[in-house]
Amino acid sequence: MQISLARQVALVTGASSGIGAGAARALADAGASVVLNYHSSAGPAQDLAREINANGGRAIAVGADVSKEQDIERLFAQTLEAFGTLDILVANSGLQKDAAAVDMSLEDWNTVIGTNLTGQFLCARAALRIFTRQGIRQGVSRAAGKIIHMSSVHQRIPWAGHINYAASKGGVDLLMQSLAQETSHQRIRINSIAPGAIRTAINRDATEGEQEQKLLELIPYGRVGDVEDVANAVVWLASDLSDYVVGTTLFIDGGMSLYPGFRGNG
Ligand code: NAD
């Protein structure tokens, strides 16, 4: 079945690399106009925007730090200026700053929570202000707006050495559910995707060479995920094919969250 997001506008944060870039490309392939947010380096997002425009789509690249309120206000204002509306937010930006709890600096704790959790709140709030103002755009989508939070299997699986990251994603889970409870009567659909191990810059060390073999012990399906595994789900969750899916988390993890260590043990 062909999914069409024609006449819809999507904003993807952290779209200069990895899952964000893949999601933006897939949304554009499905016909959406796309705003590609980048953080510090403009080049890759601008290249992707050029590629989408050259292929007959519509895309712009806009810099913003998702942890900064003023940046987010400007990002959403530029989105409306360029495309006049917003239908889909993919709140994807995220980072890791790993350390044992006893060694973790307050700065690294705050940076991860600020980007991964506060950043998702700021983006969701800005999107909701637009969605509630504009309501359902008849003939475009059955929903008044869609938000997809990029969470992680670590919203459920504790992660020693990564307490700031796991806490941020645990926070995203109840942020998403509470927002969905608050807004679904307005026909706004909010859901999360919880990826397992997807081959991107964030986990390059864990997905190459000997480390990959170790990682595969945690993945019953027997392979590391690709960006497209997540990007395809983003398109589905953004489309009317998932119109009755509200306030849920889709785990895309090759079975990682099934606790495979318990198979034949315990
Ligand atoms: P990535 O490092 O390629 O992408 C992260 C993106 O976030 C980058 O483009 C980066 O510039 C952006 N970013 C970081 N700080 C930012 C800020 N302050 N403002 C705006 N943008 C900022 O890694 P990825 O794997 O594509 O990660 C994307 C999302 O997927 C993250 O939220 C991550 O936690 C989540 N995730 C990834 C995996 C995986 O295995 N790759 C697993 C679970 C969850």
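Only a predicted model underlies this, so the values are computations on that prediction, with no experimental measurement involved.

## Focus on the overall build of the protein
Within the protein, the secondary structure is distributed over seven helices and seven strands. Reading the helices (α) and strands (β) of the protein from amino to carboxyl end gives β-α-β-α-β-α-β-α-β-α-β-α-α-β. Its C-alpha atoms give the protein a radius of gyration of 18 Å, within 12% of the compact-globule value 18 Å for 266 residues. C-alpha atoms of the protein, sized along the principal axes, occupy 55 × 40 × 40 Å. Here the analysis covers contacts within the protein between residues at least 6 apart in sequence; of these, 73% occur between residues at least 24 apart. Summed over its atoms, the accessible surface of the protein is roughly 12700 Å², and 50% of this surface lies on carbon and sulfur atoms. Side-chain charges in the protein split into 22 positive and 26 negative, and the spacing between the mean points of these groups amounts to 8 Å.

## What to know about helix α3 (residues 69-83)
For α3, spanning 15 residues, the distance from its first C-alpha to its last is 21 Å, which sits close to the expected 21 Å at 1.5 Å a residue. Buried-residue contacts for α3 involve β1 (9-12), β2 (33-38), β3 (59-63), β4 (88-91) and α4 (106-134).

## A closer look at the pairing of β1
Burial along β1 is two-sided: Val 9 and Leu 11 and Ala 10 and Val 12, pointing in opposite directions, are all buried. The pairing of β1 with β2 spans four bridges and is classified as parallel. Bridge pairing in β2 places Leu 11 opposite Val 35. Between the parallel elements β1 and β2, the chain passes through helix α1 (residues 18-29) in a crossover that is right-handed.

## Topic: the side chain of Thr 200
Structurally, the position occupied by Thr 200 is in the loop between β6 (188-195) and α6 (209-216). Non-local contacts of Thr 200, meaning those with residues more than four positions away in its chain, are made with Gly 18, Ile 19 and Val 227.

## Details of the sheet that holds β2
What holds strands together in a sheet is hydrogen bonding between their backbones, with the strands either parallel or antiparallel. An order of β3-β2-β1-β4-β5-β6-β7 is seen for the seven strands of this open sheet, with the pairing classed as parallel. A single partner strand is all that each edge strand has here, and the edge strands are β3 and β7 (249-252). Sheet twist, expressed as the average angle between the axes of neighbouring strands with direction ignored, equals 15°. Pairing between β2 and β3: five bridges, direction parallel. Residue pairing for β3: Val 34 is matched across the bridge by Ala 59. Taken strand by strand, helix α5 (residues 163-183) contacts β5 (145-150), β6 and β7, and its axis lies near 160° from that of β6.

## Considerations on the nonpolar core
Leu 5, Leu 27, Leu 36, Ile 193, Val 230 and Val 234 are the most contacted members of the largest nonpolar core, which totals 38 residues. Mapped by element, the contributors of at least two residues to this core are β1, α1, β2, α2 (43-54), β4, β5 and α7 (227-238). Counting residues per element, this core draws most heavily on α7, which supplies eight residues. Setting aside chain neighbours within four positions, we find Leu 36 in contact with Val 12, Ala 15, Ala 24, Ala 45, Leu 48, Ala 49, Ala 59, Ile 60, Ala 61 and Val 62.

## Re the site of the ligand
Around the ligand sit 27 residues in total, of which Ile 19, Asn 92, Tyr 165, Ile 198 and Thr 200 are the nearest. The contact in question runs from a nitrogen atom of the ligand to an N or O atom on the side chain of Ser 93, over 2.9 Å. In this structure, Gly 94 approaches the ligand through a main-chain N or O atom, which is 3.4 Å from an oxygen atom. Protein burial of the ligand: of its 810 Å² of free accessible surface, 92% is covered by the chains. Among the elements of the structure, α1 and α5 are those that each provide at least two residues to the shell around the ligand. Grouping the amino acids of the shell around the ligand by side-chain chemistry returns 10 nonpolar, 15 polar and two charged.

## Some words on empty space enclosed by the protein
According to the stated counting rule, one finds one cavity of 30 Å³ or more in the structure shown. Taken as a whole, the largest cavity encloses approximately 30 Å³ of empty space. Along the walls of the largest cavity sit Thr 13, Val 66, Ala 91, Asn 92, Ser 93, Thr 115, Gly 119, Gln 120 and Cys 123, which together make up its complete lining. Ranked by residues supplied to the lining of the largest cavity, first place goes to α4 with four residues. Looking at the lining of the largest cavity, its residues break down into three nonpolar, six polar and no charged.

Here is what the cut-offs are and how they apply
Residues numbered from 1 in each chain as written. Predicted model: local features only at pLDDT ≥ 70, side-chain atom pairs only at ≥ 80, totals over all residues. Heavy atoms only, no water. Helix = DSSP H or I, 4+ residues; strand = E, 2+ residues; numbered from the N terminus. Rg over C-alpha atoms; globule rule 2.2 N^0.38 Å. Contact = heavy atoms within 4.5 Å. Areas by Shrake-Rupley, 256 points an atom, 1.4 Å probe, with all protein chains shown as cover. Lys, Arg positive; Asp, Glu negative; His and termini not counted. Charge placed at Lys NZ, Arg CZ, Asp CG, Glu CD. Expected span 1.5 Å × (residues − 1). Buried < 20%, exposed > 50% of the residue type's maximum accessible area, 1.4 Å probe, protein only. Pairing = 2+ DSSP bridges. Right-handed = clockwise from strand over helix to strand, strands pointing away. Axes fitted to C-alpha atoms, helices over the stretch in contact; angles between N-to-C directions. Core = buried A, V, L, I, M, F, W, Y, C linked by side-chain atoms within 4.5 Å. Near = heavy atom within 4 Å. Polar contact = N/O pair within 3.5 Å; in protein donor to acceptor, adjacent residues only side chain to side chain. Nonpolar A, V, L, I, M, F, W, Y, C, P; charged D, E, K, R; others polar. 1 Å grid on protein atoms, 1.4 Å probe; cavity = no way out; pocket = protein on both sides within 12 Å on 5 of 7 lines; lining within 4 Å. Points joined across faces, edges and corners; volume = space filled by probe spheres on them.

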